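Single-letter residue listing:
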Amino acid sequence: MRSAKPIIAMLWENWRLTRVEAGQRLALGLVLGAGALILSDSGAIIAFVILMLVHSYIWFSIAKLNGGRLADGYKPGFPFYFHFARPVPTAVLVGVAMAYDVISCVALYVLSAALLGFIFGQPFPIFSVVLFLVSYHLAYAWAQWSTRSRVVQWVAAFAFSVPMFFMLKNRVGTPLQVEFSFVENMVMVLISVASIALTVVGVARQRRGDSMAVVVPQKDWSGGYPDWLVALFQFRCPTSSSTRAQVWFELRSSGLPVLVAGFGVALTLFLLCVISTSFGNFRFVSIPIAIIAVLMVLFVLGGNAFGIRRKQGRTYASAFESTLPCGTAKLAGLKVLVRTACVLAALIALGASLWASISLVGDWGQFVMNNNQDAIPLLQKVRQKFADDFGGLTEYAHVALTIVAFIAVASVVSWQAAREALRARYPRLLLVVQWLPTVWGLASITLALAHRNGVVPMFLVRGFFTATFWMSWAAMAIAAIYLLWSGLEQRVVTLVYAGGALAVSVAFGAAWLAGMPATSIVGILWPVWLILMLGLLAPWSLGRARHT
Amino acid sequence: MEPAVVDVSDLSRAFEHKKALDGVSFRATAGQVYGLVGANGAGKTTLLKHLLGLLRATEGLVRVFGLDPVRDPVGVLSRVGYLSEERELPEWMSIDELLRYTQAYHPTWDESYARELLETFGLDPAKKIKELSKGMRAQAGLIAAVAYRPELLILDEPSSGLDAVVRRDILDAVVRAVADDGRTVIFSSHLLDEVERMSDHVTLMHQGRVELSGVLDDVRGAYQRSRVRFVEHFDQPPVLDTALAVEGGGRTWSVVHSGSLEQFRHSVTARGGEVVESRDATLEEIFLARAGRSRQQAEAA
């Protein structure tokens, strides 16, 4: 009984740390899985893959303890390092965290699969994939926790994630079932046991202070970009104006590292396609990686432009930047603009890489996907269509598209920056707002199911979507007006900035109309108003984080 | 009345349900050094953060140079120098980059003064912030805070991490130089000897309230520490007029008291005792006496 109390305390800490994300992942798996089952003929397999991804490959909850997301300012190593001073054996420290991680994700998968199976009458594999989930999580924990080297973490995670993905892929049958061989099951058992043992050894080294980063503490300022990446570009800070100095600051601290990371991803993608010419198995990862790369550049490298910091559960704006004699609107504008330019350049590099990569797929011979169709002609067709469509545009249309792309990326960067700033000030309210799309998705799926079973007539379904569209419109309009009034009143938004935000929104609308057809006046006004709202939200939220 | 550089009136601030500041009023004029003293959690840093606009006043008024630091951060911060351990300097910058970056924001930057301080501290401008010790970081931060000759210098626990030599020889010198130049310094510290050495004015904070505020010499002169001897044996501290803290036992007690010595002597005589010796109380004795007294008041309430 002596060790029961610390274990309960550790389990409680785990629960506190992961409960929100557990709820989000449960809802996300249900919404996306149900969407796939409703919308696609091969929805069962897609839903199964979604559930497996949501409950294994993209599970980062405990990483929050180390300072946040994988690529953004986390401190590598065992996340419960503050337990090291407790009178508990390392094996227990590691065992409890691993057990919680494994049990919670397996339980969530089983619950999601059972619910979807019950609602849609589509049985999902449960017991046959439990060992896979367990071994994947344990191996992932080993890769992330047993070392303080980021490089080892990434390489190790990649080294077992990809083969395990292929193993799973090769064992998925139609109709949906998963059957692993006896040898595969034994390998997974061995992976699990070895992962536990190696993690205990690795964490014990960190606890004793033998590990590298214990000697060289990781103190992040630059949003978590490695020092060598930040130090890659050395150019002197201009002293002639504060604006130039701030642009220099943004470029050095995060802009150029983002650009380099984006170029690195683009190059990796191209090399992967080149390697795939000789090694067929790489073809299956090239396409998912291409999709993930675009999302990563936009949402990971484009995230947290305001440099909001996280330390030991506290989210706050940097006091160094908050005490600069710089207006909030100017500071927010410069940060968003510099980051947008760098993210856009990275996306262009990625686009060029994809363009060049698709030209290589002809050398692959065949690329047969799950539906037994060769994907290469499809990829080439997409490339050709893109070339025809884009090449056929006028110069004005090219300029218009560039403006649309820049403003769209700026809006994504603004939203992410504002979200982090709001998290520092209104974490609970933000959580509620972020849940709204999921709740809307759940409501939509319930309605669609009810309509399919003849319970709800079509006009009610249409009425729901029309009502939510106009409600979101009204919410956006009210929010934009409030942000403008509040921002001007508190002087975080200047008249010049507000005018600029309005001009950008109008430019977006005009560029859209010049480059692409609009379905209706409401259809074009919706994104224009959204951009205006995000433009005003950025300085307002930074002001809230700066002056708490 | 001299125009105030800093004017805080009836400032209150709560975090969740805990009151960090409770009706604080504070005034600072040009050319003076103001020391804020108090235990951890007394509200010193919270008050300073309000002066910088890092915290928004929920009740009361904060004016720096007559401006609201939240509504006009440029107007205030361009005239204020700030040093704090919480102001984590960008680790990736070198000292030279930090100084150039700060210079770009301040047209009044005095390059020769910055170089002089660099030499005094013995700092290598090419060194990165992350390579510096805690004390060296504080020195680099101090240069960045004073080299543009701000009209108001705010130092939050400036001694934290500095060794005794740096603290006495350099920090004192910089602070005195700033004040002698006709500018204002407000600094917080829990090192009472430091406050006694450097300040013209002292403000004692306790549990979010200003317990005591005034010119240092006046404050010290208003409190005495006296040793008293009674004929009678007391098991509990005797009740004496104007006494703030009573220590000792039996017949001999040591008392920190305010007001005139005559009044105190009269009170002691009335209890059958005599004042053996008396001297001005130190700031530490005043602080402990006042803090203890407010704790007793809080407990009684």
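By convention here, each chain's residues receive numbers from 1 onward along its written sequence. Written order decides the labels, with chains lettered from A and ligands numbered from 1. Given that the model is predicted, a residue must reach a pLDDT of at least 70 before its local features are reported, and side-chain atom pairs must reach 80 or more before they are shown or counted; all residues, however, enter totals for whole chains, interfaces and linings. Side-chain descriptors were evaluated using all non-hydrogen atoms of the structure, hydrogens and water having been removed beforehand.

Q: Any chance you could break down the pattern of salt bridges for me, citing the residues and the numbers?
A: All names here are of chain B. Salt bridges are defined as contacts in which a side-chain nitrogen from Lys or Arg sits within 4 Å of a carboxyl oxygen from Asp or Glu. What the rule picks out here adds up to 29 salt bridges over all chains. Notably, a salt bridge pairs Arg115 with Asp96, separated by 3.5 Å at the nearest N-O pair. Of the two residues, Arg115 is situated in helix α4 (residues 111-121) and Asp96 in helix α3 (residues 95-105); the sequence distance between them amounts to 19 residues. For the exposure calls, accessible area comes from a 1.4 Å probe over protein chains only, and a residue counts as buried if that area is under 20% of its type's maximum, exposed if over 50%, partly exposed in between. Exposure remark for Arg115: the relative accessible area of 32% places this residue in the partly exposed category. As a salt-bridge pair, Arg197 and Asp193 come within 3.9 Å of each other at their nearest N and O atoms. Note that Arg197 and Asp193 are positioned in helix α7 (residues 192-198) at a spacing of four residues, about one turn of the helix. Of the residues examined, Arg197 reaches a relative accessible area of 29% and is grouped as partly exposed. Secondary structure counts use DSSP, requiring at least four H or I residues in a row for a helix and at least two E residues in a row for a strand, with both numbered from the N terminus.

Q: For the packing of aromatic side chains, give the residues involved together with the corresponding values.
A: The pairing test for Phe, Tyr and Trp rings, Trp by its six-membered ring, is centres within 6.5 Å, and the orientation test on the planes gives stacked under 30 degrees, edge-to-face over 60, and tilted for anything in between. Taken as a whole, this structure holds 24 aromatic pairs over all chains when the rule is applied. Pairing A:Tyr482 with A:Trp540 gives two aromatic rings, centres 6.1 Å apart and planes at 70°, and the pair type is edge-to-face. A residue pair is termed long-range when its members are at least 10 positions apart, and A:Tyr482 in helix α16 (residues 458-489) and A:Trp540 in helix α18 (residues 521-546) qualify at 58 residues. By relative accessible area, A:Trp540 is classed as buried at 10%. Here the aromatic residues A:Trp248, A:Phe249, A:Phe320, B:Trp92, B:Tyr101 and B:Tyr105 are joined through ring pairs into a cluster of three or more. Note that A:Arg383 overlies the ring of A:Trp355, its terminal NZ or CZ placed 4.0 Å from the centroid. Charge-over-ring contacts are defined here by two conditions on Lys NZ or Arg CZ: a distance within 6 Å of the ring centre and an angle within 35 degrees of the ring normal.

Q: Run through the pairing of strand β1 (residues 4-15) of chain B, naming residues and quoting values.
A: All names here are of chain B. Note on pairing: DSSP must find at least two bridges between two strands before they are called paired. Inspection of the sheet shows β1 paired to strand β2 (residues 18-29) by eight bridges, in the antiparallel sense. Across the sheet, the residue bridging to Ala14 is Lys19, located in β2. Linkage of β1 to β2, two consecutive antiparallel strands, is achieved through a turn of two residues, within which Glu16 is found at a positive phi near 55°. With five bridges joining them, β1 and strand β4 (residues 59-64) adopt antiparallel strand pairing. Bridged to Val6 within β4 is Val64.

Q: Can you break down the interface of chain A and chain B residue by residue, with the values?
A: Any pair of residues with heavy atoms lying within 4.5 Å of one another is described as a contacting pair. Listed by partner, the interface residues are 39 residues for chain A and 33 residues for chain B. Summed over both partners, buried area is the accessible surface (1.4 Å probe) that two parts give up on being assembled. On the chain A side of the contact with chain B, A:Phe320, A:Pro325 and A:His547 bury the most area, a combined 21% of that side's loss. Applying the counting rule to chain A against chain B returns four salt bridges. The residue A:Glu489 makes a salt bridge to B:Arg71 at a minimum N-O spacing of 3.6 Å. Of all elements in the fold, only α8 (227-230), α9 (242-278), β3 (309-311), α11 (319-322) and α18 of chain A reach the threshold of two or more residues within the side of chain A that touches chain B. Basically, the charged four are Asp, Glu, Lys and Arg, the nonpolar ten are Ala, Val, Leu, Ile, Met, Phe, Trp, Tyr, Cys and Pro, and anything else, Gly included, counts as polar. A per-class count over the side of chain A that touches chain B returns 14 nonpolar, 14 polar and 11 charged.

Q: Talk me through the confidence of the model for chain B; I want residue IDs and the actual numbers.
A: Residues and elements named next belong to chain B. Predictor confidence is given residue by residue as pLDDT, running from a minimum of 0 to a maximum of 100. Averaged over all residues, the pLDDT of chain B equals 87, while 95% of them reach at least 70. Mean pLDDT across the elements of chain B ranges from a minimum in helix α10 (residues 283-300), with 70, to a maximum in α3, with 95. For this predicted complex, the interface score ipTM comes out at 0.86, alongside a pTM of 0.81.

Q: Summarise the sheet that holds strand β5 (residues 80-84) of chain B; cite the residues concerned and give the values.
A: All names here are of chain B. As summarised here, the arrangement of the six strands in space is β5-β6-β7-β3-β8-β9, forming an open sheet in which the pairing is mixed. Unpaired on one side and paired on the other, β5 and β9 (209-215) mark the two borders of the sheet. Neighbouring strand axes in the sheet, compared pairwise and without regard to direction, differ in orientation by 15° on average. One ladder, built from five bridges, connects strand β6 (residues 152-156) with strand β7 (residues 184-189); its direction is parallel. Counterpart to Leu152 in the pairing with β7 is Thr184. Packed onto the sheet, helix α1 (residues 44-52) meets β3 (33-37), β5, β6, β7 and β8 (201-206) and runs at close to 145° relative to β6. Working convention: axes come from line fits to C-alpha atoms, limited for helices to the stretch in contact. Angles between N-to-C directions cover 0 to 180 degrees. The sheet strands contacting helix α5 (residues 134-146) are β5 and β6, and the helix crosses β5 at an angle near 170°.

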